[in-house]
Amino acid sequence: MTLTTDELRFFKREGYLIKRGILDPELMERARTRLWEGAPPGRIRTAPETWVGPFAKEEENDDGSNHRRGFRWNFREPGGEDWIVRLLATEPKIWAMVEQMLGKGQLVQPERIRGIYCTLPYGDHPPQDLGCHTDAHPFHLGVVGYIDDVPPGGGSFMVWPESHRAFYPTFTSQYLRDQDEAAYEKVRDEFNQRTPVDAHGRAGDIVFWHHRLGHMASPNTSKQLRQAVLYDFLKTDMEQTQQEPPQEDMWRDWSDEMRAIDIDTDAMENVA
């Protein structure tokens, strides 16, 4: 599977790209089953009424391998298991598209993914305010995979289009978390006035996103438990490039094909 020129252009201009029906159904079911091995007593897979958040005080867990607090549940424990790495990080269709964007033969071989990240339904609780942030750790390209349906308003990976190009120069290095705080907050305030994209989808859909893109795990106003797997792709030269200052061409470290894409053309299909 390869990306079209219009899809590459959309990603380069907007900072994200949604691809439909990519993940393996059997591995998604395995992930959904594995998730409930980390659930506290009383939270039952077959009883949706038990999914509503927030977690009670006695259900909270600060252990990073199975973190539960508020409406967030980050089950990182299975992230290093071979089958879940195959589900997302080394899925051949995903790998081919990422190499197309970052360069063939230049990716670090994945050993684990972040894990299974969930947002509990908010029920009668008011949703949180929307506001974007950028991630702190060094990587090039993120991917979020939905292992179950995520309806509109269902806690999607929410993105602020074009923010990657505005945030990129506010950092003092290409990939580390060392921004000019005043410049960063100015950009963040500006984009928080804009309407974000609710990147909802069906089980098997994925969302690619640029490492400097403003995003958030949106409030879950549905009755569905939001279940997603996440991975961050990086190139083998990250150790050498991560401390370099932002480049005049922010796509310098990407593939020749990506660098050659002109984002100013208006002749683009609707690929969102």
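Look up a bit, the structure's there.
Residues numbered from 1 in each chain as written. Predicted model: local features only at pLDDT ≥ 70, side-chain atom pairs only at ≥ 80, totals over all residues. Heavy atoms only, no water.

Visitor: Which residues make up the layout of surface pockets, and what values go with them?
Guide: Its volume calculated, the largest pocket comes out at about 220 Å³. What lines the largest pocket is a set of 13 residues, among which Arg72, Tyr117, His215, Ala217 and Leu230 lie closest to the centre. When residues of the lining of the largest pocket are traced back to their parent elements, those giving at least two are β9 (215-217) and β10 (226-233). A class-by-class count of the residues in the lining of the largest pocket yields seven nonpolar, two polar and four charged. (1 Å grid on protein atoms, 1.4 Å probe; cavity = no way out; pocket = protein on both sides within 12 Å on 5 of 7 lines; lining within 4 Å. Points joined across faces, edges and corners; volume = space filled by probe spheres on them. Helix = DSSP H or I, 4+ residues; strand = E, 2+ residues; numbered from the N terminus. Nonpolar A, V, L, I, M, F, W, Y, C, P; charged D, E, K, R; others polar.)

Visitor: So what about the nonpolar core? Which residues, and what values?
Guide: Formed by 66 residues in total, the largest nonpolar core has its most connected members in Trp73, Phe208 and Phe233. Per-element tally for this core: the top contributor is helix α4 (residues 92-102), with six residues. Other than its neighbours up to four places away in sequence, Phe233 contacts Ala89, Ile94, Trp95, Val98, Leu102, Leu107, Phe139, His140, Leu141 and Val143. Within the second largest apolar cluster, nine residues are counted, among which are Cys132, Phe171, Val187 and Phe191. (Core = buried A, V, L, I, M, F, W, Y, C linked by side-chain atoms within 4.5 Å. Buried < 20%, exposed > 50% of the residue type's maximum accessible area, 1.4 Å probe, protein only. Contact = heavy atoms within 4.5 Å.)

Visitor: Before we move on, can you summarise the sheet that holds β9 with the specific residues and values?
Guide: Reading across the sheet, the three strands line up as β7-β6-β9 and stay open at both edges, with antiparallel pairing between neighbours. Each edge of the open sheet is held by one strand with a lone partner, namely β7 (197-199) and β9. For this sheet the average axis-to-axis angle between neighbouring strands, irrespective of direction, equals 25 degrees. Here strand β6 (residues 157-159) runs beside β9; their pairing, made up of three bridges, is antiparallel. In the sheet register, Phe157 faces β9, and the bridge partner there is Ala217. (Pairing = 2+ DSSP bridges. Axes fitted to C-alpha atoms, helices over the stretch in contact; angles between N-to-C directions.)

Visitor: Requested: an account of the pairing of strand β2 (residues 66-69), with residues and values cited.
Guide: One face of the sheet, then the other: side chains in a regular strand alternate in exactly this way. Burial along β2 is one-sided: Asn66 and Arg68 are buried, and none of His67 and Arg69, which face the opposite way, are. Note that β2 and strand β3 (residues 72-75) share four bridges and pair antiparallel. Considered in β3, the bridge of Arg69 is made with Arg72. Adjacent in sequence and paired antiparallel, β2 and β3 are bridged by two residues, among which Gly70 carries a positive phi angle near 60 degrees.

Visitor: For the sheet that holds β2, give the residues involved together with the corresponding values.
Guide: On the basis of which strands lie adjacent, the open sheet formed by seven strands has the order β1-β8-β5-β10-β4-β3-β2 and antiparallel pairing. The open sheet has two edge strands, β1 (16-19) and β2, and neither has a second partner. Across the sheet, the axes of successive neighbouring strands diverge by a mean angle of 20 degrees, strand direction being ignored. Contacts between helix α1 (residues 5-14) and the sheet are confined to β1, β5 (141-146) and β8 (206-210), with β1 contributing the most and set at about 140 degrees to the helix.

Visitor: A description of the pattern of salt bridges should follow, citing residues and the corresponding values.
Guide: Under the counting rule described, the total for this entry stands at 24 salt bridges. Arg45 is paired through a salt bridge with Glu29; the nearest N and O atoms lie 3.1 Å apart. With Arg45 in the loop between α2 (25-35) and β2 and Glu29 in helix α2, the pair connects residues that are 16 residues apart, well separated along the chain. Overall, the relative accessible area of 32% leaves Arg45 in the partly exposed class. Exposure remark for Glu29: the relative accessible area of 30% places this residue in the partly exposed category. Its salt-bridge partner being Glu162, residue Arg165 comes within 3.8 Å of it at the nearest N-O pair. By relative accessible area, Glu162 is classed as partly exposed at 32%. (Salt bridge = Lys/Arg side-chain N within 4 Å of Asp/Glu carboxyl O.)

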